[in-house]
Each structure stands twice: as C-alpha cells, then as structure tokens.
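Spelled out from the first residue to the last, the chains are:
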Amino acid sequence: MEFKSIAIDGPAGAGKSTLARQLAEKLGFIYVDTGAIYRTVALAVLRAEMDPKDAGQVAGLLGGLDIRMDYGPDGEQRMFLNGEDVSGAIREHQVSGLASQVSAIPAVRDFLLDFQRRQAREHSVVMDGRDIGTVVLPEADVKIFLTAAPEARAKRRLLELQQRGQQADYEAVLRDIIQRDEQDANRPIAPLRQAEDARLLDTTRLNLEQSLEALVRLVKEKIEL
Ligand code: DC
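Throughout what follows, the structure given in this document is the object of discussion. Keep in mind that what you see is a predicted model, and the values were worked out from it rather than measured.

## Re the packing of helix α3 (residues 55-62) against helix α5 (residues 106-122)
- Close contact between α3 and α5 brings their axes to 8 Å; oriented N to C, the two are set at 25 degrees. Accordingly, the angle class assigned to the pair α3 and α5 is roughly parallel. Of the residues in α5, those touching α3 at Val-58, Ala-59 and Leu-62 are Ala-107, Val-108 and Phe-111.
- Partitioned by chemical class, the residues of the contact of α3 with α5 number six nonpolar, no polar and no charged.

## Structural notes on the sheet that holds strand β6 (residues 125-129)
- The sheet built from five strands is open, its strands ordered β2-β6-β1-β7-β8 with parallel pairing. Only two strands of the sheet have a single neighbouring strand rather than two, namely β2 (30-33) and β8 (199-202). Neighbouring strand axes in the sheet, compared pairwise and without regard to direction, differ in orientation by 20 degrees on average.
- Relative to strand β7 (residues 142-147), strand β1 (residues 5-9) runs parallel, the two sharing four bridges. If you follow Asp-9 over to β7, its bridge partner there is Phe-145.
- Here helix α1 (residues 16-27) sits on the sheet and contacts β1, β2, β6 and β7; the angle it forms with β6, its principal contact strand, is near 175 degrees.

## Quick notes on the environment of Ala-20
- Residue position: Ala-20 is located in helix α1.
- Contacts of Ala-20, omitting those with residues within four sequence positions, involve Ile-8, Tyr-31, Val-126 and Asp-128.

## Quick notes on the site of the ligand
- In the neighbourhood of the ligand, 15 residues make up the surrounding shell, with Thr-34, Arg-39, Arg-109, Arg-180 and Arg-187 lying closest.
- The contact in question runs from an oxygen atom of the ligand to an N or O atom on the side chain of Arg-130, over 3.0 Å.
- The contact in question runs from an oxygen atom of the ligand to an N or O atom on the side chain of Arg-180, over 2.9 Å.
- Contact with the protein chains hides 96% of the accessible area of the ligand, taken as 440 Å² for the molecule alone.

## Notes on the side chain of Asp-128
- Positionally, Asp-128 belongs in strand β6.
- Here Asp-128 is buried and forms no salt bridge, its nearest opposite-charge partner Lys-16 lying at an N-O distance of 5.6 Å.
- A polar contact of 3.3 Å, which involves the side chain of Asp-128, links it to the backbone nitrogen of Ser-17.
- The contacts of Asp-128, once residues within four sequence positions are left out, are Ile-8, Lys-16, Ser-17, Ala-20, Tyr-31, Val-32, Asp-33, Thr-34 and Gly-35.

## Topic: the environment of Gln-166
- Position of Gln-166 relative to the elements: it lies in the loop between α7 (150-163) and α8 (170-186).
- In the structure, Gln-166 is positioned 44 residues away from Gln-210 in sequence and 27 Å away in space, judged by C-alpha atoms.

## So, the sheet that holds strand β5 (residues 84-85)
- With antiparallel pairing, three strands are arranged side by side in an open sheet as β3-β4-β5. Across the chains shown, the open sheet's two edge strands, defined by having one partner strand only, are β3 (67-71) and β5.
- Where β3 lies against strand β4 (residues 77-81), five bridges are found, and the strand directions are antiparallel. Of the residues in β4, the one forming a bridge with Tyr-71 is Gln-77.
- Each of β3, β4 and β5 touches helix α2 (residues 34-47); the most contacted strand, β4, lies at about 30 degrees to it.

Conventions and cut-offs
Residues numbered from 1 in each chain as written. Predicted model: local features only at pLDDT ≥ 70, side-chain atom pairs only at ≥ 80, totals over all residues. Heavy atoms only, no water. Axes fitted to C-alpha atoms, helices over the stretch in contact; angles between N-to-C directions. Helix = DSSP H or I, 4+ residues; strand = E, 2+ residues; numbered from the N terminus. Parallel < 35°, antiparallel > 145°, perpendicular 65-115°, else oblique. Contact = heavy atoms within 4.5 Å. Nonpolar A, V, L, I, M, F, W, Y, C, P; charged D, E, K, R; others polar. Pairing = 2+ DSSP bridges. Near = heavy atom within 4 Å. Polar contact = N/O pair within 3.5 Å; in protein donor to acceptor, adjacent residues only side chain to side chain. Areas by Shrake-Rupley, 256 points an atom, 1.4 Å probe, with all protein chains shown as cover. Buried < 20%, exposed > 50% of the residue type's maximum accessible area, 1.4 Å probe, protein only. Lys, Arg positive; Asp, Glu negative; His and termini not counted. Salt bridge = Lys/Arg side-chain N within 4 Å of Asp/Glu carboxyl O.

Structural data, given as structure tokens:
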C-alpha cells in the first residue's frame, strides 16, 4: 500500500497543529506533531539540568533517551520519555524556549530525523513542523507553508494559554513569538523556510473554519480525496 504525506511547516502560532489535526481527521491520516518530539528532547535536557546551548553535552544525552510516540483513545498524540507520559509536561512555557534552542543542535536533528521519517513510511500522515517539506519529507505529496502576522499569532497563543488556565500577557507572548521566529529562521541547520514547491497559506485574516477550507482546497489540487 502506498502512503500519502502532507507536510505543513510554518512559524509558532500559525495554527499548524489545530489545522493539521483537523485535516488528518478529515482524511483518515495520522497527525504527527514533530514539535512535540523536539519538546520531549528539551524536557530531557531540562531534567538533566544541562545547558541547552552546550551541543556536546546534549548530544551525549541522546543515546540514553527512550522517546516514543503513541495515540490515545481520543486520537491525540502522546509522547513518552523513558516510559513516562510527558504529553502535558512538554507544553510548559519553559519547554517551548528550550525546544527552540535544542532544535538548533545538529545532533538533535539527526537523532530525530529517522524517527520522523519512519512515521511517514508506516502511515499516511499529516506532519507539521519547521523543516518537514524541506528536510524530513522532501518528497511529500503536498507541501504547505502556513503563516500569519506575528500579532495575530500572539493573540491566538494568548487565547490558547488562557483556555488552559495559564497566566500570560499579550506583550510577553508577542515578544516570545518574535524571538522564536528569529531563532528558528536563523539557525544554520534546517532553518524555518518555505520549500520551493510549497504553497503559501496566510491565515492572518482567516478564522479557523476558513483556514481549514483553504487548506483542504490546496490539498485537493495535489491529491485526489
Ligand atoms: O511547534 P512547536 O512550537 O511545538 O515546536 C517547538 C520547537 O521545536 C520550535 O521552536 C522549533 C522546534 N522544531 C523544529 O526545529 N523542527 C520541527 N520540525 C518542529 C519543531
């Protein structure tokens, strides 16, 4: 059986995970949130009390990590670190910044590359991240670069945090988003950028429903549904 793959890349807060999850559900594909995998490594670095910028130390940690991914009864992707379900812990604010830092380390990216590719070899996937269309799945059937203005992304992120009962203020969230964009786009290895054959979808002025409609339209241009 031939599996299909849809790669969705873009900056933090563009709506990738929500849209990718809904698209996967619509198509009967599995949704792979690759940011969650980087976050799991970041959590391991945090727990080991390592400097996330110390590439040598972080690289040394990787061999001893048991990272697994599974799907709960609700279809949600769950992450396991050395047997422990860390799906909640990796969403902590502190882990976001750390994930952005550790993901700039080449050894971390190499370590996770095959893990990600394996998912696409074994299933039809909607995979989201920063380098899926450019590095992880360069042969993806559909490539989308999903973006929105930083202010729109900050507003959405703020709402998401508030819904989870977390305290946050708009200025801090916006600052954080701009800083992560910088880090993710300017790293020398696998920087965030639109693949040449990716279609751009800017959701600044679209709500979720309109964004999903636009996304499905782009997918339908490339694969028969
Ligand atoms: O999508 P996210 O916010 O959960 O991702 C967390 C960090 O992981 C993000 O700042 C950059 C990094 N990341 C990456 O470098 N490559 C990916 N494919 C996915 C995430």
